[in-house]
Amino acid sequence: MKTRRFRPLTPIVAGVLTVVVLLVLAPMVLVALNAVKAPEEYSNKGPLSLPGGLYLAGIRTFWERVDFTQVLLNSVVISGCVAVLGVLLSILNAYALGIGRVRGRNWFLVAFLVANLVPQESLIYPLYYMATQLDLYDSKFTVIVIFTAIQSAFGTYLLSSVYREFPPELLDAAAIDGAGRWRTLWRVVVPVSRPTLGVLFTFFFVWTWNELFIPLIFLVSNENQTVPVALGVLQGERQMDATLTSASALLGIAPAVIFFLVFQRTLTRGVTAGAIK
Amino acid sequence: MTAATRSPAARASRGRGGYGLFLLPGALLATVVIVVPLVSTLGISFTEWTGVGTPEFVGVDNYTKLFQDENFWASFQNILLIVVAMAVVPTLLGLVLAALLFDFVGPRLGDRFARILRNGFYLPQVLPLAVTGIVWGWILHPQYGALNSILDKVGLGTLARNWLGDEAYAIYSVMAVMVWVQIGYPVVMFMAGLQRVDPELYEAASIDGATWWQRFSRIAVHQIKPEIYIVLITTTIAALKVFGQIFVLTKGGPGNATLVPSYFAYKSYFERADVGYGSAISSVLTVLIVVLTWAFLRVQRRGEEKA
């Protein structure tokens, strides 16, 4: 009943929206098309022609030039460690603030909120200085520690509000069973909040994967670079032709699209549930 | 505090002691990685320092210099345009797109189809910014870029431009890219918000003979106000912090045509070794973001109280 009046318009609206989505996706399709084109083909027929064959030399050249296997591994290690540690730290903080309601919790929450808002360039120089003084510059460890702190500031803020609503009956039951705080946390609180923790883990992983500013400054040597740094630095070198650029872009797009397809549900649920940026 | 005013969660645990221990690692790490650097940056902003040796206290010199620096004003003017491109335009477009998907596509062609379209809009959001920069850097490249060659092919070759290299167009090209990046987030948020709207409100409006546009602007937009607030605040903050796309697309150039505060601070720190000046830029930006968030949260709270 409620949508009947609009029926004649539906095919038009659906058609227009489909075209708009295809336009949104067009840049990525263009990249994929041209990543597998030979440079001569590109200069003769331009970016819109379908590739005559599968030319993988561009991708291979780029892969070898930046040692992409190593770069991918670095990104996986850094993002994975940050996601695990960031979720752990968020759990501990939120347990104390949301369920434990420690004294001064509102001040802590405001502090974690501000920590979230601070632009990274307000932290970068002192961090850079500390790292060089302590001989921790150009190390994956340093970047993991920094992002664990940054991501868990967000996680603490979000998870504390979730834990404030935690069913008290469950906590009471655990207390009656004689469970201490530590056991209550791991046996009751964490299992019950697993869906939220999954969302946090996914977002921490993807956000850390995508970061450029801090890794760009802290990971200067080739064996430490992450995917965005390797791509960003090479882009600056300007001795890349169109097909090599597309090949590099495709290698950057592919992991992101794979995450997206794997974690679609979690991502869209997380975006809406947690007011995640 | 009496037992009656305590929250249920607090009642369950006997006393508060002991929980502080759980907060210790997180608080320590946040202090070392966030609080100390933040305070140091503020302190350094009152000094002249190249990054080596001892900083020399110069009072508010950096700030007076900053407010007379045309690059500073250019960067703030650009950031306003970036806010338009990352917060305002995506919110407006997102509202219309989400409502169209929700009202026309979902009920008639199935939620699955609506979801596929929604995810299509969202995909650019998950790409690393650096990759976005490379993709668009190539598409907009004056010699071998896809856009100019498409224009050429359809006979509009005269419209071809040096999209990112010409001072007159660079910031607008960057803005267009930002809209592309951001559009998916409001679409996802608003579509979820629209699911909360009571269908009876819509039916009542239909019976009264309301058009789609009236229904959209008078009911839907009003009902999903909380989502609109959240989208506006988070995207505005993200816009003020923008760095990655600028770094990869234009490096702030040509001239200062696309300079933004974060890139300006980065240049002062690492290219000009003027750490005091960079710290002053960062501190101004931090204060701006915190004040803006505080104002947003107040407006939002007042809106909720009214509702």
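Our structure's up above, just so we're on the same page.
These lines cover the structure that appears in this document, whether it is placed above or below. (Residues numbered from 1 in each chain as written. Chains lettered and ligands numbered in written order. Predicted model: local features only at pLDDT ≥ 70, side-chain atom pairs only at ≥ 80, totals over all residues. Heavy atoms only, no water.)

For the rest of this paragraph, the subject is the overall build of chain A. The helix and strand inventory of chain A stands at 13 helices and 0 strands. Shown N-terminal to C-terminal, the secondary structure of chain A runs as helices and strands in the order α-α-α-α-α-α-α-α-α-α-α-α-α. Taken over C-alpha atoms, the radius of gyration comes to 24 Å for chain A, far larger than the 19 Å a tight globule of 277 residues would show. Expressed as lengths along the three principal axes of its C-alpha atoms, the size of chain A is roughly 75 × 70 × 30 Å. Buried residues in chain A amount to 56% of all 277 residues. By sequence separation, contacts in chain A at least 24 residues apart represent 75% of the contacts at least 6 residues apart. Split by element, the accessible area of chain A, about 12,000 Å² in all, is 64% carbon and sulfur. Both charge centroids of chain A, one from 21 positive and one from 15 negative side chains, sit 16 Å from each other. (Helix = DSSP H or I, 4+ residues; strand = E, 2+ residues; numbered from the N terminus. Rg over C-alpha atoms; globule rule 2.2 N^0.38 Å. Buried < 20%, exposed > 50% of the residue type's maximum accessible area, 1.4 Å probe, protein only. Contact = heavy atoms within 4.5 Å. Areas by Shrake-Rupley, 256 points an atom, 1.4 Å probe, with all protein chains shown as cover. Lys, Arg positive; Asp, Glu negative; His and termini not counted. Charge placed at Lys NZ, Arg CZ, Asp CG, Glu CD.)

Here we come to the environment of H222 of chain B. The residue H222 of chain B is located in helix α11 (residues 212-223) in this model. Between the C-alpha atoms of H222 of chain B and V197 of chain B, which are 25 residues apart in sequence, the distance is 9.7 Å.

It is worth spelling out the side chain of T235 of chain B at this point. Residues and elements named next belong to chain B. Mapped onto the fold, T235 is located in helix α12 (residues 225-240). On the accessibility criterion, T235 (3% relative accessible area) is buried. A distance of 3.3 Å separates the side chain of T235 from the backbone oxygen of L232, its partner in a polar contact. Once residues lying within four places of it in the same chain are set aside, the contact partners of T235 are M86, A87, Q182 and Y185. (Polar contact = N/O pair within 3.5 Å; in protein donor to acceptor, adjacent residues only side chain to side chain.)

We now examine the interface of chain B and chain A. Contact with chain B, which involves 102 residues of that partner, is made by 99 residues of chain A. Across the chain B/chain A interface, buried area totals approximately 8,900 Å², and carbon plus sulfur atoms make up 76% of it. Broken down residue by residue, the surface that chain B buries against chain A is led by Y19, F22 and W138 of chain B, which jointly contribute 9%. Summed over the shared surface of chain B and chain A, the number is 0 salt bridges. Taken together, chain B and chain A are joined by 9 residue pairs in polar contact (both at pLDDT 80 or more). When residues in the side of chain B that touches chain A are grouped by element, the largest group, 16 residues, is from helix α2 (residues 20-44) of chain B. Among the residues forming the side of chain B that touches chain A, the class breakdown is 68 nonpolar, 25 polar and 9 charged. (Buried area = accessible area lost by both parts, 1.4 Å probe. Salt bridge = Lys/Arg side-chain N within 4 Å of Asp/Glu carboxyl O. Nonpolar A, V, L, I, M, F, W, Y, C, P; charged D, E, K, R; others polar.)

The next subject is the packing of aromatic side chains. All names here are of chain B. Enumeration according to the criterion identifies 45 aromatic pairs over all chains in this entry. Consider the rings of W212 and F216, whose centres lie 5.3 Å apart with planes at 5°: the pair is stacked. Separated by 4 residues within a single helix, W212 and F216 lie in helix α11, roughly one turn from each other. The exposure class of F216 is buried, given its relative accessible area of 6%. The ring of Y277 carries the charged tip of K65 above its face, separated from the ring centre by 4.9 Å. K251 extends its terminal NZ or CZ atom over the ring of F247, reaching a point 3.8 Å from the ring centre. (Phe/Tyr/Trp six-rings, centres within 6.5 Å; stacked < 30°, edge-to-face > 60°. Lys NZ or Arg CZ within 6 Å of the ring centre and 35° of its normal.)

Read these as layout, nothing more, since geometry by itself doesn't imply function.
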